[in-house]
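These are the residues of each chain, in order.
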Amino acid sequence: MDLQKALEYRNSRNLFCKQLGITVTELSLGYAKTVKEVTAEDVNPIGVAHGGLYFTMADAAAGSAMASYGHKAVTLNAQYSFFRSAKPGDTLTAEAREVKHGGTVCVYDIAIHDQNGVCVGTGTFTFFDLKEPLNIE
């Protein structure tokens, strides 16, 4: 599996993340990092980053880490805990690390930090490996 091609594939083919400005910046076997600068368009009615932004960043990081094995997968379960709020101008980084790589079920822990290294939330995402190749080449 060419991980650089997989990273490029994730960034070009995930149109939802592309629309939100979420980019996969690092990818290795069982690990991925996504980055996003919070903009005025990302906030909820009280002026802080919408919860969906954090969740999407976490899902994109975990899904990319899962994709590092070269297979299509779907999310079976996802849990995310919100600790702190980000505001426009903040840069968020989500990192997904593999906890379990099973035959079909794989689990990833995610942590999102702001530009100061403050943890704004964590989550756990469980995927089902469809055992179908991504066809990145």
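The rules behind these values
Residue indices follow the written sequence of each chain, beginning from 1 at its first position. In keeping with the predicted nature of the model, local features appear solely for residues at pLDDT of at least 70, side-chain atom pairs appear and are counted solely at 80 or more, and the whole-chain, interface and lining totals rest on all residues. Think of the side-chain values as coming from all heavy atoms in the structure, minus any hydrogens and water. Each helix corresponds to a stretch of at least 4 residues labelled H or I by DSSP, and each strand to a stretch of at least 2 residues labelled E; elements are numbered beginning at the N terminus. Based on C-alpha atoms, the radius of gyration is set beside the globule rule, defined as 2.2 Å times the residue count to the power 0.38. Each residue is assigned to one of three classes by its accessible area relative to the maximum for its type, calculated with a 1.4 Å probe on protein chains only: buried under 20%, partly exposed between the two thresholds, exposed over 50%. The criterion used for residue contact is that any of the two residues' heavy atoms lie within 4.5 Å. Surface exposure here means Shrake-Rupley accessible area, sampled with a 1.4 Å probe, where a residue is shielded only by the protein chains that are shown. By definition, two strands form a pair when at least two bridges between them are found by DSSP. The rule for a disulfide is simple: a pair of cysteine sulfur atoms within 2.5 Å.

(A) Just the overall build of the protein, in detail. Scanning the protein from N- to C-terminus turns up three helices and six strands. Order of helices (α) and strands (β) in the protein, N terminus to C terminus: α-α-β-β-α-β-β-β-β. Relative to its length of 137 residues, the protein is compact, with a C-alpha radius of gyration of 14 Å against a globular reference of 14 Å. Across its three principal axes, the protein shows a C-alpha extent of roughly 45 × 25 × 25 Å. Evaluated residue by residue, the protein yields a buried proportion of 42% over its 137 residues. Relative to all contacts within the protein whose residues are 6 or more apart in sequence, the contacts with residues 24 or more apart total 65%. Here the protein displays about 6900 Å² of accessible surface, and carbon together with sulfur accounts for 53% of that area.

(B) Broad picture of the pairing of strand E5 (residues 105-113). Here strand E4 (residues 91-101) runs beside E5; their pairing, made up of eight bridges, is antiparallel. Counted as the bridge partner of Glu95 is Ala111 from E5. Here E4 hands over to E5 after three residues, the two strands then running antiparallel side by side. Here E5 runs beside strand E6 (residues 119-133); their pairing, made up of nine bridges, is antiparallel. Following the sheet pairing, Ile110 is matched in E6 by Gly123. Where E5 folds back on E6, the antiparallel hairpin that results is connected by five residues, among which Gly117 adopts a positive phi of roughly 85 degrees.

(C) Spatial organisation of unusual backbone geometry. Located in the positive-phi region is Lys131, a residue other than glycine, with phi close to 60 degrees. Residue placement: Lys131 occurs in strand E6.

(D) Summary view of the state of the cysteines. If you walk through the whole model with that rule in mind, you get zero disulfides. Sulfur of Cys17: no disulfide; nearest cysteine sulfur belongs to Cys119 and is 19 Å away. For Cys17, a relative accessible area of 5% translates into the label buried. The thiol of Cys106 is not disulfide-bonded; the next cysteine sulfur, from Cys17, is found 20 Å away. For Cys106, a relative accessible area of 0% gives the class buried.

From the geometry alone we can't say anything about function, so treat these as descriptive.
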